[in-house]
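So you can see what is in the structure, the chains are spelled out below.
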Amino acid sequence: MASNSGNTAYPMPPANADLQTTWAFLEEGVDHIMTKLQTGVSYSKYMSLYTVSYNYCTSSKMHSGADQLGGGIGHRTNLMGSDLYNNLIRYFVNHLKTLKTQSDSLQDEALLRYYAQEWDRYTTGANYINRLFTYLNRHWVKRERDEGRKGVYPVYTLALVQWKSNFFLHVQSKNQKLAGAILRLIERQRNGETIDQGLVKKVVDSFVSLGLDETDINKVSYEVYREHLEAPFLDATEKYYRQESEKFLAENSVADYLKKAEERLREEEDRVERYMNTNTRKALIQKCEQVLIREHAELMWENFQQLLDYDKDEDLQRMYALLARIPEGLEPLRKKFEEHVKRAGLAAVEKLVGEGAAGTAAAEVDPKAYVDALLEVHQKNSETVTRSFRGEAGFVASLDKACREFVNRNDATGTSTTKSPELLAKHADALLRKNNKMAEEEDLESALNKVMVLFKYIDDKDVFQQFYTTKLSKRLIHGVSASDEAEASMISKLKEACGFEYTNKLQRMFTDMSLSKDLTDNFKERMQQNHDDMDITFSIMVLGTNFWPLNPPTHEFIIPQDILPTYTRFSQYYQQKHSGRKLTWLWNYSKNELRTNYLNQKYILMTSSWQMAVLLQYNNNDTLSLAEIMDATAISKDILKQVLAVLVKAKILINEETEQYDLNPSFKSKKIRINLNTPIKAEQKAESTDVLKTVDEDRKYVIQASIVRIMKARKTMKNQALIQEVITQISQRFTPKIPDIKKAIDHLLEKEYIERVEGTRDTFAYVA
């Protein structure tokens, strides 16, 4: 420590000095440390004080009537300690009287400065004095406390107890003068003024230090801090922000208020960090949230729609962040957001349908335009969820619910639940075809990912599956797939979304294509070895009936003589390889190329089987009647008329007399290769009808299989519970109708897979 104190009024007493002599020496030293520590205390002086204190406590001589206290028990410390302890109390009380007097005339910041300065001096001095009386603390104080005596503390704690009762409470008793001074400074800071935060922190920390837990004096107690500062601070905060927020909202917009509230909350967080005790954080922030957010939540909810309508991202982010702080603050926003997305989706489709030609049926909506309209709404609102609502699960659920609603039911679908999956499958088909502009304009993989975004929302995934399978079969048969990689990628996405069973058929179709190529190559090789008269280029696809959604012709067909040898040889070749299998020839899906030999210019005509059969009749005839062509080909009259209409329109045949068709000897075309193989209306219309018919059939079996599985696991089940369980299990694939489930139950009762439990009307049991 520093040099000599410069004022030694009393010489060091001997080891057996009495109380009066001892205390006179100690008091002079204690007072110097408490009031003039800045002038220093020499090491020798400090050690002298320590030694005198020690000597007195360990003295064997009874001082000042100690006989009455101890009755000659060996530990004299017990007897001596109380005298020193009581003298210390008297010293602290007298010392603090001066402080009380000087503080009475001070106010606000001047009071805080005086208080902080004296607190520093007092606690520093008390720390040194505590060490001087170490022996007293270790023995007399400890013994007294162990024996349960109240109001005895180690010297440093004693100093704090005296400060609290003789100075702190005196200042606070005058209208909470000390806490009031702090609160007024804080209010000035809230009003934008700069304050001495270090000063506030020092005074605030003293409130914490003055807390005392009687059961464990080493434990921090916040009792004084909470009662004298935290409680009035929280009340003042509530009052301040209630007035400010009401006044601000009366003069400014909600968007501006959101910024203000965000800023104020940040400031209060910062305030706790800088000078309030960290234990106040929770109560302070709750109070601010109550006044700044909860009390104005209704107004925020009302303004939410306006922010959405005008894409005010930053304001939406703020509103989300603020309302997320209070219970149930976000729920009204989620509901409003769901309605907003749903309205946007329905409006987009309504606009699309309205832009079509007057009287256009919903069935004729362009699949690409339809999908793009839905995706645009989803993407825009998905970005809002990510950007403005931090991808919060509740808003994601609201977006999904709204999208599921408008994707399945809108102006384009009407009351049909199958229209959306059909249009989506047609769009996917367009993407996956060769030479499609969409694949050139954008990354095909990205376009397929977008298809999967909408696929997630489709209720009747089985309808999409059936349409997709039908379209895929056509792409594979006609060789118009954009690429095998793109096809595989799409199947992989569907498999990931719906499982192996959903894509099993699709994958088997690719296997059949590969096997068919090998079969054709082997057949050609065999024919070249055994038959030299093969002048027809021929390839065949043998496709499994269970995996390909293809229907054989509905009418008879007479195979033209020109291809009959090839047909016969392949049939025999296949039967030799697979004796138990039956081939069904799908002439309605076959393609042919014919070369003209009767004109100066040679043309190649790309035809369907029906067109090929008709044109080959003209190898032996120049003119034929409708009846003659029907007899020669066995094609039904309604289809044959459409076939002939295409050939007449292309000017290959001439139809000048009713039902009489002549070969046109003067046919001319700018193109050498002429495609006549355009789908006829009857076939196009039949495709949708067939798909939906297949879906209905499949659904019956899916429902029945689901009921059997459930009943096998549960053994017995009530009717209503069974229906609910079936809906739960199947809803990932499609939404089953309750009448269909009831029909399936009746069918299974009839077939004796399940039975009614005797004595009940609505309970079923599984029949093992």
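Q: Outline the packing of helix 15 (residues 331-355) against helix 16 (residues 367-388), listing residues and values.
A: At a minimum axis distance of 9 Å, the contact between helix 15 and helix 16 shows a crossing angle of 155°. On the basis of their axis angle, the class for helix 15 and helix 16 is roughly antiparallel. Judged by the sense of rotation from one axis to the other, the crossing of helix 15 with helix 16 is right-handed. Packed against helix 15, whose contacting residues are Phe337, His340, Val341, Ala344, Gly345, Ala348, Val349 and Leu352, the element helix 16 presents Ala369, Tyr370, Ala373, Leu374, Val377, Asn381, Thr384 and Val385 at the interface. For the contact of helix 15 with helix 16, the residue count by class is 12 nonpolar, four polar and no charged.

Q: Got a sec to walk through the side chain of glutamine 162? Specific residues and values, please.
A: Within the secondary structure, glutamine 162 sits in helix 7 (residues 155-172). Looking at glutamine 162, the relative accessible area reads 10%, which means it is buried. Beyond its immediate chain neighbours, meaning those up to four positions away, glutamine 162 contacts Ile89, Phe92, Val93, Leu96, Tyr122 and Phe167.

Q: Describe the pattern of salt bridges, naming the residues involved and giving the relevant values.
A: Enumeration according to the criterion identifies 51 salt bridges in this entry. A salt bridge links glutamate 262 to arginine 318, with the shortest nitrogen-to-oxygen separation between them at 3.0 Å. Of this pair, glutamate 262 sits in helix 11 (residues 254-274) while arginine 318 sits in helix 14 (residues 313-323), and the two are 56 residues apart along the sequence. You can call glutamate 262 partly exposed: its relative accessible area is 25%. What emerges from the salt-bridge pattern is a single network uniting Glu109, Arg113, Arg188, Glu193 and Asp196.

Q: If you had to explain the sheet that holds strand 7 (residues 716-718) to someone new, which residues and values would you point to?
A: Pairing is antiparallel in the open sheet, where three strands are placed in the order 7-9-8. Because the sheet does not close on itself, it has two edges, and the strands there are strand 7 and strand 8 (754-756). On average, each strand axis in the sheet is tilted by 30° relative to the strand beside it, whichever way the strands run. Pairing analysis gives three bridges linking strand 8 to strand 9 (residues 763-766), with the strands arranged antiparallel. Residue isoleucine 754 lies in a different strand from strand 9, and its bridge partner there is tyrosine 766. Seen against the sheet, helix 29 (residues 719-730) touches strand 7 and strand 9 and runs at an angle of roughly 95° to strand 7. Strand contacts of helix 30 (residues 738-750): strand 8 and strand 9, with the helix running at about 95° to strand 8, the strand carrying the most contacts.

Q: Requested: an account of the sheet that holds strand 6 (residues 673-675), with residues and values cited.
A: Read from one edge to the other, the open sheet built from three strands follows the order 1-2-6, with strand pairing classed as mixed. Because the sheet does not close on itself, it has two edges, and the strands there are strand 1 (591-595) and strand 6. Averaged over all neighbouring strand pairs, the angle between strand axes comes to 25°, with direction disregarded. The strands touched by helix 25 (residues 609-616) are strand 1 and strand 2 (604-608); relative to strand 2, the strand with the most contacts, the crossing angle is about 120°.

Q: Describe in detail the nonpolar core, supporting the description with residues and values.
A: Core analysis: the largest hydrophobic core is formed by 154 residues, its most contacted members being Phe133, Trp163 and Leu323. Examining the composition of this core, we find that 10 residues originate from one element, helix 5 (residues 108-132), more than from any other. Not counting residues up to four positions away in its chain, the partners in contact with leucine 323 are Ile293, Ala297, Met300, Trp301, Gly329, Leu330 and Leu333.

Q: So what's going on with the confidence of the model for the protein chain? Residues and values would help.
A: Per-residue pLDDT for the protein chain has a mean of 87; in total, 93% of the residues score no lower than 70. Low confidence marks residues 1-8, where pLDDT is under 50. Its contacts with residues over four positions away, or in another chain, come to 17 contacts. Per-residue pLDDT stays below 50 along residues 358-362; that stretch engages in three contacts with residues further than four places along the chain or on separate chains.

Q: Explain the packing of aromatic side chains residue by residue, including any values.
A: How two aromatic rings sit relative to each other is given by the distance of their centres and the angle of their planes. The final tally for this structure, using the stated rule, is 32 aromatic pairs. With a centroid separation of 4.9 Å and 45° between ring planes, the pair formed by tyrosine 122 and tryptophan 163 is classed as tilted. Of this pair, tyrosine 122 sits in helix 5 while tryptophan 163 sits in helix 7, and the two are 41 residues apart along the sequence. Geometrically, the ring pair formed by tyrosine 320 and phenylalanine 395 is edge-to-face, given 5.9 Å between the ring centres and 65° between the ring planes. With tyrosine 320 in helix 14 and phenylalanine 395 in helix 17 (residues 393-408), the pair connects residues that are 75 residues apart, well separated along the chain. Here tyrosine 320 falls in the buried class, since its relative accessible area comes to 8%.

Rules behind the numbers
- Residues numbered from 1 in each chain as written.
- Predicted model: local features only at pLDDT ≥ 70, side-chain atom pairs only at ≥ 80, totals over all residues.
- Heavy atoms only, no water.
- Axes fitted to C-alpha atoms, helices over the stretch in contact; angles between N-to-C directions.
- Helix = DSSP H or I, 4+ residues; strand = E, 2+ residues; numbered from the N terminus.
- Parallel < 35°, antiparallel > 145°, perpendicular 65-115°, else oblique.
- Left-handed = near helix turned anticlockwise from the far one by under 90°.
- Contact = heavy atoms within 4.5 Å.
- Nonpolar A, V, L, I, M, F, W, Y, C, P; charged D, E, K, R; others polar.
- Buried < 20%, exposed > 50% of the residue type's maximum accessible area, 1.4 Å probe, protein only.
- Salt bridge = Lys/Arg side-chain N within 4 Å of Asp/Glu carboxyl O.
- Pairing = 2+ DSSP bridges.
- Core = buried A, V, L, I, M, F, W, Y, C linked by side-chain atoms within 4.5 Å.
- pLDDT = per-residue confidence, 0-100.
- Phe/Tyr/Trp six-rings, centres within 6.5 Å; stacked < 30°, edge-to-face > 60°.

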